[in-house]
Structures are given as structure tokens and as C-alpha cells.
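# Secondary and tertiary structure notes
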Amino acid sequence: MLIEGSNGLARQVPVDAHGRYVASQLPLGTYTVSLQQAGKTVDTHANVTLRVGAATNVSFAAPAVGGVASATSLGAVNVHGNTLPAIDVTSVDSRTVITAEQLAKLPLGRSAEAIAQLAPGVTRNTANFASATGQPLVSFGGSAASENAYYINGFNTTDPLNAAGGLTLPYGAIDQQEVYTGGYSAQYGRSDGGVINQVGKRGTNDWHFGAQVLWEPSFARGDYTNIYYANGTPKTPIAGNLYNPKATNKLSSTTVSAYVGGPLIKDKLFFFLAGEYERESGKSTNAVDNSTPYQNYRYDDPRWYGKLDWNITDSNILELTGASDKREGSGSVYAYDYNALQRGAFLRPLDDTKKGGDLYVAKYTGYLTDNLTLSAMYGEMKTRDYDVPGNYDPGLTYITGITDQNPALNGGVPRGNSQVSSLAHPGRSNKTTNMRLDVSYHLGDHTLSVGIDNQRAQAIDQGTVNSGPGYSWGYGHTDHPELPIVSGLGVPAPAGFPNGASGYYVQKNIASNLVTVRSEQRAQYIEDKWQVSDRWLLSLGLRNDQFTDYNPAGQAFITQTKPQWAPRLGFSWDVNGDSSFKVFGNAGRYYLGLPLNPATGAASGYIATQQYYTYSGIAPDGTPTGLTQISQPVSANNSFGVPPDPNTVTAKGIKAEYQDEFIIGFTKTAGDHWLYGAKLTQRILRTAIDDFCDVNLVTNKATALGYAVGSTNSCYLINPGRANTFNLTDAAGNPFSVTLSNAELGFPQLKRRYYALDTFLEHPFDGTWYGRVDYTFSRSYGNTEGQVRSDLLQGGASASEDWDNSAIMVNTNGPQNNDHTHQLKLYGYYQFSPEWVASANLRVQSGNPRICLGYFGPDHTDPVGYGNAYHWCDGQPSPPGSHGRLPWTHQLDLGLTYRPAFAAHKLGFTASVFNVFNEQRPIFLQPNSEQKAFTPNPLFGTALYREDPRYVRLSVNYDY
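Residues numbered from 1 in each chain as written. Predicted model: local features only at pLDDT ≥ 70, side-chain atom pairs only at ≥ 80, totals over all residues. Heavy atoms only, no water.

### What about the environment of Pro936?
By the element assignment, Pro936 lies in strand E57 (residues 935-936). Put simply, Pro936 and Asn586 are 350 residues apart on the chain and 50 Å apart in space, counted from C-alpha to C-alpha. Excluding residues within four positions of it along the chain, Pro936 makes contact with Asn231, Asp479, Ser929, Glu930 and Gln931. (Helix = DSSP H or I, 4+ residues; strand = E, 2+ residues; numbered from the N terminus. Contact = heavy atoms within 4.5 Å.)

### Thoughts on the nonpolar core
With 48 residues, the main nonpolar core has Phe692, Tyr716, Leu717 and Phe726 as its most contacted residues. Residues within four places of Phe692 in sequence aside, it is in contact with Leu697, Val698, Cys715, Tyr716, Ile718, Phe726, Leu745, Phe747, Trp803, Asp804 and Asn805. In terms of nonpolar packing, the next biggest core, distinct from the first, is built from 26 residues, Ile98, Ala323, Leu359 and Tyr827 among them. (Core = buried A, V, L, I, M, F, W, Y, C linked by side-chain atoms within 4.5 Å. Buried < 20%, exposed > 50% of the residue type's maximum accessible area, 1.4 Å probe, protein only.)

### A few points about the pairing of strand E47 (residues 769-782)
Inspection of the sheet shows strand E46 (residues 752-763) paired to E47 by twelve bridges, in the antiparallel sense. Across the sheet, residue Asp758 finds its bridge partner in E47, namely Thr776. If you look at the hairpin formed by E46 and E47, you'll find five residues sitting between the two strands, and Gly767 has a positive phi there, around 95°. Pairing geometry for E47 and strand E49 (residues 822-831), over nine bridges, is antiparallel. (Pairing = 2+ DSSP bridges.)

### Re a nonpolar patch on the surface
A grouping of Val213, Val256, Tyr277, Phe909 and Val956 is seen on the molecular surface, where their side chains present a nonpolar patch of about 360 Å² in accessible area. Turning to its location among the elements, Val956 is positioned in strand E59 (residues 951-959). (Patch = residues over 30% accessible without salt bridge, like charges linked within 9 Å, V, L, I, M, F, W, Y side chains within 5 Å. Areas by Shrake-Rupley, 256 points an atom, 1.4 Å probe, with all protein chains shown as cover. Salt bridge = Lys/Arg side-chain N within 4 Å of Asp/Glu carboxyl O.)

### Quick word on the packing of aromatic side chains
In total, this model carries 41 aromatic pairs according to the counting rule given. Ring plane angle 55° and centroid distance 6.2 Å describe the contact between Phe272 and Tyr305, whose orientation is recorded as tilted. You can see Phe272 sitting in strand E17 (residues 269-285) and its partner Tyr305 sitting in strand E18 (residues 294-313), a full 33 residues away along the chain. You can call Phe272 buried: its relative accessible area is 5%. Lying across the ring of Tyr259, Lys201 places its NZ or CZ 5.6 Å from the centre. Lying over the aromatic face of Phe584, Lys582 brings its terminal NZ or CZ to 4.9 Å of the ring centre. (Phe/Tyr/Trp six-rings, centres within 6.5 Å; stacked < 30°, edge-to-face > 60°. Lys NZ or Arg CZ within 6 Å of the ring centre and 35° of its normal.)

These values are about where atoms sit, not about what they do.
Below is the structure:
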């Protein structure tokens with residue numbers, strides 16, 4: 001069998017006695033496959049196009065030639081033509097692949113996450129969590145938005161600090177985007193959500209070049225909806241019940257891009273280079289209590305991608321990839337009159353920000369024999385998180401809560417200043433290296449693969465410190481000044497102190513955690529794709545992950561190097577033997593390494609304290625005067641800046657987070673033009689890691705056992721929902737251990753479960769039209785969302801309020817914040833003529849649960865200093881889902897493209913309208929019902945985030 005590619009590659013592979021042949025790990029491209037006998041071509045299939053991650057049959061219905069009746073199973077190749085089986089019977093996973101051709105036709109947001117939302121069970125995170133380059137994050141199958149993995153050309157680009165997205169390609173450089181929603185191979189791990197794998201374009205023997213200009217004008221964008229207090233007004237309102245006049249916001253963007261690719265040496269050396277530059281500018285009015293009231297801003301997003309492919313010989317290939325994905329921000333801050341809705345005087349420049357970074361990857365592939373293939377990859381990624389305030393004034397003190405100032409002391413007009421909240425180190429950044437080695441051997445009916453997958457990550461100068469004098473002031477008010485402000489931390493009632501009888505107080509906040517930390521994540525795998533018979537394929541895989549995390553001193557505080565076996569078992573049954581009906585299933589375990597964020601907190605000895613005062617005056621810059629101290633510095637998490645012994649940071653023998661997943665489904669043809677199918681999925685989170693901060697519970701147990709405790713931590717990292725053993729030191733510095741059962745910790749069993757029924761109907765493109773509709777019924781429920789808390793806007797991985805103490809976990813069982821019971825997705829395009837294409841993308845989904853949080857119990861107490869974040873509402877238990885749901889959302893996007901014949905269809909004009917009906921329903925409501933005990937929170941129930949308003953994109957492009 002001869003396989004010849006447009007990239008100059010030519011391979012000959014043998015056909016076995018059963019008429020099968022396999023060519024694995026071929027570069028993406030277009031191929032011609034020829035059946036040969038005695039050096040002569042007997043039959044040929046041209047225009048065979050690779051599809052990332054797939055393996056599809058290429059069959060020859062020729063007379064017997066040399067004992068060969070037919071040849072099947074060309075690995076990783078997808079054929080477009082009348083001999084193509086409609087269904088890939090060689091895959092056992094769940095994935096959606098979107099090609100460059102589809103991206104050019106569908107009306108989509110220009111991001112990896114927007115593309116991923118075409119896949120069933122993938123939803124936008126409702127807390128508006130975003131990547132470093134500003135892209136909204138998504139949730140896969142009920143998992144947290146931080147539990148996904150991102151890849152470019154096989155290199156893991158996931159953000160190492162919080163796993164908040166990853167570097168992605170310029171939109172026009174994407175050849176294919178593969179979205180795994182479950183059941184993927186043992187070759188891949190470090191995700192219990194989903195995987196976004198982008199494969200960039202490459203050069204061929206044919207020259208290609210093109211350019212594009214896109215414009216999203218502000219005049220064609222719908223007005224944003226104003227935000228009003230939903231639960232009364234604050235004590236010192238600025239503009240009545242107006243909280244944020246978002247209707248005054250303006251936004252426009254312009255993007256220019258170009259690409260070129262072709263042969264440097266025909267059949268040997270190829271290149272592809274693409275660049276994209278987006279400028280986004282606008283005007284934004286922020287909330288009435290924000291220290292940045294009004295801003296003119298500009299974001300510049302330069303992106304580029306380059307690839308060199310060298311066919312050293314037909315058996316040895318070298319690939320070099322470079323990519324960059326950055327976002328740079330600047331602007332000006334102004335005062336704002338919220339009553340007259342007019343901009344005021346210039347205050348200061350906006351922070352100068354530089355985020356994102358670059359990656360470089362080298363990959364070698366060697367076809368050592370007809371059956372043995374070796375590939376080796378090494379890459380490095382560096383990203384910046386530069387954020388420096390412009391015209392910084394160290395003499396100002398950051399102020400929050402100005403609408404809770406005593407109106408008798410400010411004349412009824414809140415006083416504040418324009419100070420930024422915190423300062424970051426100019427060198428704040430991340431670095432990741434990834435090395436893979438994969439060996440594949442075809443032996444009879446078996447395709448055996450083994451390999452290693454090692455990754456190192458470093459977070460450099462991460463964290464922040466207070467601006468100004470090293471602390472900030474936060475104003476507060478209680479309707480019941482006779483009650484303690486924070487009973488669990490010994491902060492008394494303000495009424496017992498001068499100027500406190502009216503319930504007004506202020507707290508001095510100190511926070512600091514600048515550190516550098518690192519981790520190592522290693523893995524080994526073995527896998528067998530066993531073609532048991534012509535109709536049955538088994539995929540038998542086993543992966544072993546190891547994770548080690550280091551504190552700022554370079555000492556390991558998590559060492560999970562014992563075997564962590566992750567079996568991956570799958571099957572595919574070609575029911576009719578003609579690839580018209582496939583039944584498939586898989587069961588797998590997926591381990592998730594800990595992002596670096598917890599190393600910057602519990603393992604580092606950060607400072608986060610509060611000290612309470614009453615006051616008799618307010619200075620013009622908003623700072624309190626006439627202070628009377630109510631309390632000493634307190635910290636709900638014992639965070640007083642003492643670096644802990646690395647042996648005491650985690651529970652003894654702490655287990656890595658992992659999830660078990662089970663899928664069974666089918667795909668079937670319906671006539672010559674339709675496919676349909678369904679699958680059932682269940683995911684069960686078995687183990688998680690989170691911080692536990694009720695230190696007194698541990699020390700009290702140690703004291704009861706007769707130990708004299710010498711030192712404690714601010715928080716411990718534990719496996720929640722089970723017994724944990726804590727390492728401590730006594731007064732003489734000697735180590736000892738204390739075990740607390742789950743009952744002693746006061747926790748429920750860990751629970752996060754997801755089940756779903758996904759169904760689809762698809763009409764493959766037939767030269768005229770393509771369409772697909774997906775419906776998903778699902779539930780994501782339990783007592784934890786995962787590594788983050790969307791309902792509290794807490795995006796720090798494995799450091800949310802979940803599991804900090806027993807009180808915060810009372811009444812937590814129910815549908816979680818990523819739960820959308822119903823999802824309907826429909827997308828496609830219609831080729832009216834060679835010149836005109838119309839496209840549409842419709843997403844309909846039910847709302848996530850409404851949340852109501854408040855003070856603890858019927859008496860509205862604060863037992864552990866977490867204020868209004870307990871699952872109680874107006875003194876009643878308030879589990880998730882007990883207050884109904886947010887409304888359904890319906891988003892329709894439409895596109896129309898014209899490619900005139902006079903330009904040989906190479907010139908294109910496109911107009912797209914997103915959110916055609918300008919629906920702006922709420923997707924996030926402020927969840928805290930009280931400010932202080934028995935004191936209503938005016939913001940409770942306020943729609944802080946809504947669907948984006950309608951906007952229009954106009955573009956012109958030329959492709960040669």
C-alpha cells in the first residue's frame with residue numbers, strides 16, 4: 001500500500017493476510033492511497049483527508065490481488081468520497097472535531113472556548129471566569145472550569161497557576177479543533193473535565209496565502225442593561241437604586257490577519273506562518289462603589305503561529321512549532337457623576353497590563369519499520385502576568401464599602417479615592433515545560449502504544465501585596481449593633497465602643513502573598529488497540545500519574561509518587577460490519593494534578609488579617625478618623641504570615657483528585673445522508689483536594705491526646721469527606737500526627753456526580769448543506785462544584801471556601817452551579833450557490849440554580865468568621881436548588897457569506913449577527929442575602945452578569 005501526501009511524505013505499508021493495513025501517526029494533510037501489486041497501482045483513492053485523533057477505514061473493493069481481497073483500517077485517516085464509511089468504528093471516545101472549513105462558515109466567537117461550546121455538555125461558566133487573555137471559560141460535563149486541559153499541536157498549554165484556560169492559536173491558523181468530552185485515551189490525562197486540542201495548519205507543496213479584516217462596530221452593538229440594587233438601597237446611596245449604569249458602555253473591535261504557507265524545498269521542507277492583531281477599545285462605567293468609576297480602555301491582542309515541517313527522509317520527520325497569544329491593556333480613569341450620567345475629571349491612567357505569552361515545540365517522528373513508530377516532543381511555554389498601575393500614588397489608601405459609610409460623617413455623599421486595591425511584582429509570570437515520548441508497534445491484530453508524559457511548571461513572583469501604606473480600609477454597617485460583628489473570632493459588638501451605637505464600623509485589612517513555587521507532573525502509559533475481529537475493537541489502556549509540589553523554599557509538600565493507576569477501557573462494535581451502526585462504550589479513571597495556586601497559599605504562610613474599629617470622622621480621601629480599636633488583628637484562616645513546615649501542610653498520605661467516568665452509546669446511519677445517535681454518561685468524583693482552615697479543631701484534638709502543640713498552619717490541604725491525619729510539631733519541635741475522622745471534622749461525604757443523556761442528529765455536508773442538532777439532558781449535583789466556587793466568584797483553584805470548616809458545608813447538597821438540566825444546540829450552513837452561504841448557530845439552555853447565602857442558623861450567627869457565606873437564608877436552611885432556577889437562555893447567531901465568481905470565489909464578504917434577539921437574561925445573581933446578621937444586603941439578587949448584548953461582525957477575506 002502506497003500513501004502519498006500533499007506534504008511530500010510517501011510511505012509504503014504492508015497488507016496482512018486478512019487484508020488489513022495500518023499507517024499510524026501521519027501528519028495532518030491530504031493523501032492519495034494506492035493499492036499496489038508487483039510495484040503497479042491497482043486502485044487509488046485521492047483526496048483522503050486526515051482528521052485529528054481519528055482512525056477511519058479506507059477500503060478497496062478490487063478483485064483479489066495476490067491473495068488480498070480488500071484492505072482496510074488506515075489509521076488516523078478520514079476519507080471524503082463515495083467509498084467513505086459514514087461512521088468511525090475505530091474510536092471509543094467522545095469527541096467533536098471542528099475543521100477550518102467549518103470555522104470559516106459558522107458564526108462563532110473567535111476563541112477556543114466558543115468553538116468548544118458546539119460540543120454536547122459544554123457550557124459557558126456562569127461566574128464569568130476568564131483566561132489570562134480574556135476568553136470566557138467553559139465547563140465540561142458538570143466539572144469546574146479549572147478542570148480542563150488545553151493543547152496546541154500536542155503541547156499542554158494549560159495555565160499552570162489556576163488552570164484558567166490556556167494559550168490558543170490565532171483563529172485563522174486553526175486546521176482542526178478537537179474537543180474531548182469523555183472517554184479519551186490513556187495517552188492523555190491531567191483533566192477530569194474536558195480537553196481542547198488545537199492543531200495548527202502546515203505548509204504543503206502548494207502555495208497558499210491570504211488576509212482578512214474583521215470589524216465589530218460599536219454602533220451595531222446593543223445597549224447593555226443597567227444594574228440596579230435588587231434588595232433595597234445602601235445606607236449612603238450614590239444614585240438611588242442605580243448600582244451600575246452599564247447602558248453607557250461602548251465597545252468596538254477590529255482584527256486584521258494574514259497567512260502564508262508553502263514549500264521551501266519541494267517534498268522536503270515546508271513552512272506556514274500566520275499572524276493576527278486584534279484591537280478592542282471601549283468606554284466602561286463601573287459600579288458606584290468602585291475605585292475606578294469610569295474608564296476609557298484599549299486592549300491589543302497580538303497573536304502569531306509558525307510551523308516548519310522537514311521530511312528528512314520518508315521515515316524521519318521533524319516539526320518545529322512556535323506560537324504566541326498575548327493581551328496588552330491600557331487606558332484612562334475618570335471621575336463619574338452617577339446621577340447626571342456624565343464623565344468627570346481625569347483621575348489616573350489605567351493599569352498597564354501584559355498577559356499571555358509564547359511557546360516553542362520540537363517534535364520528531366520516526367517510522368523505524370513498517371510496524372514501529374517513535375515520536376518525541378519537547379516544548380517550553382512562558383507567560384506573563386504584568387500588572388503595574390499608572391501614575392501610582394503610594395500616599396493613598398484603598399477604600400471599599402463606601403456606600404456603608406456613616407452618612408452623618410460624610411454629608412450623605414460617600415467619600416473614596418482612586419487607589420488600586422493591590423500591587424503585583426513586575427516579574428510575575430509562569431513557565432511550563434512538557435516532554436513526551438511515544439512508541440507505537442503494530443503486531444497482528446494489536447496496535448501497542450507506550451510512552452511517558454512529563455511536565456514541569458513554575459509560578460514566578462505570584463501573588464499581591466496591599467497598595468498604599470500596606471493595608472486597606474473597608475466600611476461596614478449592622479442593623480443590630482448590640483450583636484458581635486464576628487462572633488466566631490471574638491470581634492465584639494460595636495455598640496459597646498464610642499461611636500458604635502449606630503452600627504457603623506470599619507475594618508483594617510492586610511494581605512500579602514508574594515511567592516515563587518513549582519511542581520513536577522510525570523506519567524507513563526501503555527495501551528493496546530486490539531482488533532478482536534472485523535466487527536469488534538477493544539481499547540485497553542493503563543496510565544500512571546505522579547505529582548510533586550514544592551513550596552517557596554523548594555521543599556516538597558505534596559509527594560504523590562506512588563502508583564496512581566488510571567485504567568481506560570473501551571470498545572467499539574461494528575454491528576452490521578459495514579460501518580453503518582456502531583455501539584461503543586468506555587470506562588476510565590482520570591487523575592487531576594493540583595494547580596500551583598494552593599502552593600502560593602496554604603504552603604507559603606500568607607497574611608490575610610482584619611482588625612475592627614469604630615470611627616468619628618471621614619477624611620476627604622475616604623479614610624476613617626477618630627478611630628477606636630474594637631479588636632486585635634483576626635483571621636478566619638489563621639493567616640498571620642508564618643511559613644509552615646512543609647511536612648505539616650497537607651494531610652498525611654493525601655490522595656490526588658480523581659474521577660471515574662462511564663459512557664455507553666451508539667451512532668447509526670439513516671439512509672445515505674443522515675446520522676443519529678445517543679450516549680449515556682456518568683461521572684463520579686471520588687477524591688478531591690481542598691484547604692481546611694479550622695485549625696482549632698486539630699489542635700484541640702492534639703491537646704486532648706496530651707500533646708503540647710508547638711506550631712500550627714493557616715490552613716491544611718486535605719482530602720475532604722473522609723478521615724484525615726494531620727502532621728504537627730510539639731513545643732520541642734518534634735513531629736507527631738493526629739487523626740480526625742470525617743465525623744470529627746464535621747463534614748458530609750464528598751459528592752459530585754454528573755449524569756447525562758446526549759442525543760444528536762447530523763446531516764454531513766453533501767455539497768449543499770450541513771446541519772447538526774444536539775440535545776442534552778443532564779444533572780450535576782452534590783456538595784461541591786470542584787476546584788472553584790462559581791456561585792461566590794472564587795476562581796482560585798482548590799482554595800475556595802468549600803471544606804474550610806464544617807459550618808460552611810452545612811446544607812450544601814444539591815444541584816451545583818454548572819448544572820443546566822436541558823441544553824439544545826443546533827448549527828449548520830447552506831450553500832445556496834457557489835457564491836452564497838448562509839449559516840446559523842442556536843444555543844438554548846435552562847438556567848442554573850438560584851443561590852441564597854447568609855449568616856448561620858436561625859439565630860444568624862457567625863461561628864467561624866465567614867460572615868454571610870453560609871448556606872442559610874433568612875434563618876432557614878438554603879441548599880443549592882431550593883430557590884428555583886435562573887431563566888432559560890436562547891442565543892441565535894446568523895451569518896451570510898458572499899464569494900463572487902469574478903474573483904474565482906477566493907474573495908469573501910461575511911456579515912454575522914450574534915444574539916440576534918438581543919436577549920440579556922441574567923446568568924449570575926449576587927448570592928449573599930445579608931451584610932451583617934439581620935441586616936439585608938441591598939445587592940442580594942442583583943444580576944451582576946447577563947448575556948452579552950447583540951453585536952454585528954463584518955469581514956472581508958481573500959484566500960489563494
